[in-house]
Amino acid sequence: MRPDQSHLLLPFFYDVHRQLGVDVAAWASATAPRIDESDDRAACRTWVKALGDAGFLRWCVPSAYGGALAALDSRALVVLRETLAFYSPLADFAFAMQGLGTGAISLFGSAEQRAWLGKTRAGKALAAFALSEP
């Protein structure tokens, strides 16, 4: 079963978003049944690797670091998350965590930190996000 993707016809989505919705739905519908989610930690790592292998984590980093687009695109991230969540909330969680870590590094990280973006984009390293207050 595929989610209703009629919302992708709205005018603020472009063809790249529409195609992304189709691509991630086809991939997730085939991948989700093959991932054992009984152990959340192991399944998260499996999802991150699978998302990296499939190229979907490229949407979490700018093209300067191997990403899909020149800049981060919130609409593409929403399409990916909404579609992944339909098939597996854990897949959405894994994608979101990678995006939180890579987004902050992409926007504000040092050159040394940005060097990790290639590994996180490929699903070979886990991204993290922490926030502290004075």
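Numbering of residues begins from 1 in every chain and follows the order in which that chain's sequence is written. In keeping with the model being predicted, local features are shown solely for residues with a pLDDT of at least 70 and side-chain atom pairs are shown and tallied solely at 80 or more, while totals for entire chains, interfaces and linings include all residues. The side-chain values count all of the structure's non-hydrogen atoms but skip hydrogen atoms and water molecules.

(A) View of the overall build of the protein chain. Numbering of helices and strands runs from the N terminus; a helix is a DSSP stretch of H or I covering at least four residues, while a strand is a stretch of E covering at least two. Counting its regular elements, the protein chain contains six helices and zero strands. Going from N to C terminus, the protein chain has its helices and strands arranged as α-α-α-α-α-α. C-alpha atoms define the radius of gyration, and 2.2 Å times the number of residues to the power 0.38 defines the globule rule. What you see for the protein chain is a C-alpha radius of gyration of 15 Å, in line with the 14 Å of a compact globule of 134 residues. A principal-axis box enclosing the C-alpha atoms of the protein chain has dimensions of 45 × 40 × 30 Å. Under the scheme applied here, a residue whose accessible area is under 20% of the maximum for its type counts as buried, over 50% as exposed, and between as partly exposed, the area being computed with a 1.4 Å probe on protein chains only. In the protein chain, buried positions account for 41% of the 134 residues. Within the protein chain, contacts between residues separated by at least 24 positions form 61% of all contacts whose residues are at least 6 apart in sequence. Exposure was quantified through the Shrake-Rupley algorithm and a 1.4 Å probe, taking into account, for residues, occlusion by the shown protein chains and nothing else. Summed over its atoms, the accessible surface of the protein chain is roughly 7,800 Å², and 59% of this surface lies on carbon and sulfur atoms. Here Asp and Glu are counted as negative and Lys and Arg as positive; His is not counted, and neither are the chain ends. The atom standing in for a charge is NZ when the residue is Lys, CZ when it is Arg, CG when it is Asp and CD when it is Glu. Counting 13 positive and 13 negative side-chain charges, the protein chain places the centres of these two groups 7 Å from one another. Throughout, a contact is declared for two residues whenever any of their heavy atoms are within 4.5 Å.

(B) Region of interest: the nonpolar core. Put simply, buried Ala, Val, Leu, Ile, Met, Phe, Trp, Tyr and Cys residues joined by side-chain atoms within 4.5 Å make one nonpolar core. Counting 28 residues, the largest nonpolar core has Trp27, Trp47 and Leu84 as its most contacted members. Sorting the residues of this core by element identifies helix H1 (15-31), helix H2 (40-54), helix H3 (74-87) and helix H4 (89-108) as the ones contributing at least two each. Among the elements that take part in this core, H2 stands out by supplying six residues, more than any other. Contact partners of tryptophan 47, with chain neighbours within four places excluded, come to Trp27, Thr31, Ala32, Ile35, Glu37, Ser88, Leu90, Ala91 and Ala94.

(C) Spotlight on H2. A helix is expected to span 1.5 Å for every residue after the first. A rise of 1.5 Å per residue sets the reference length of H2, with its 15 residues, at 21 Å; its end C-alpha atoms lie 20 Å apart and thus fit the reference within 8%. All buried positions along H2 are accounted for by Ala43, Cys44, Trp47, Val48, Ala50, Leu51 and Gly52. Buried residues belonging to H2 abut H1, H3, H4 and helix H6 (117-121).

(D) Representation of the environment of tyrosine 87. Tracing the sequence through the fold places tyrosine 87 in helix H3. Along the chain, tyrosine 87 and proline 33 lie 54 residues apart, while their C-alpha atoms are 8.8 Å from each other.

(E) Local environment of the side chain of threonine 31. Positionally, threonine 31 belongs in helix H1. Taking the relative accessible area as the measure of exposure, threonine 31 reaches 4% and is therefore buried. At a separation of 2.8 Å, a polar atom in the side chain of threonine 31 contacts the main-chain carbonyl oxygen of tryptophan 27. Polar contact is defined as a pair of N or O atoms within 3.5 Å, subject to the rule that within protein one atom must be able to donate a hydrogen and the other to accept it, and that residues adjacent in sequence are counted only when both atoms are side-chain atoms.

(F) Looking closely at a nonpolar patch on the surface. Together, Phe93, Met97, Leu100, Phe129 and Leu131 give the surface a local cluster of nonpolar side chains, amounting to about 510 Å² of exposed area. Along the polypeptide, leucine 131 turns up in the segment after H6. Residues enter patches when their relative accessible area tops 30% and they take part in no salt bridge; the joining distance is 9 Å for like charges and 5 Å for the nonpolar side chains Val, Leu, Ile, Met, Phe, Trp and Tyr. Definition used for salt bridges: Asp or Glu carboxyl oxygen within 4 Å of a side-chain nitrogen of Lys or Arg.

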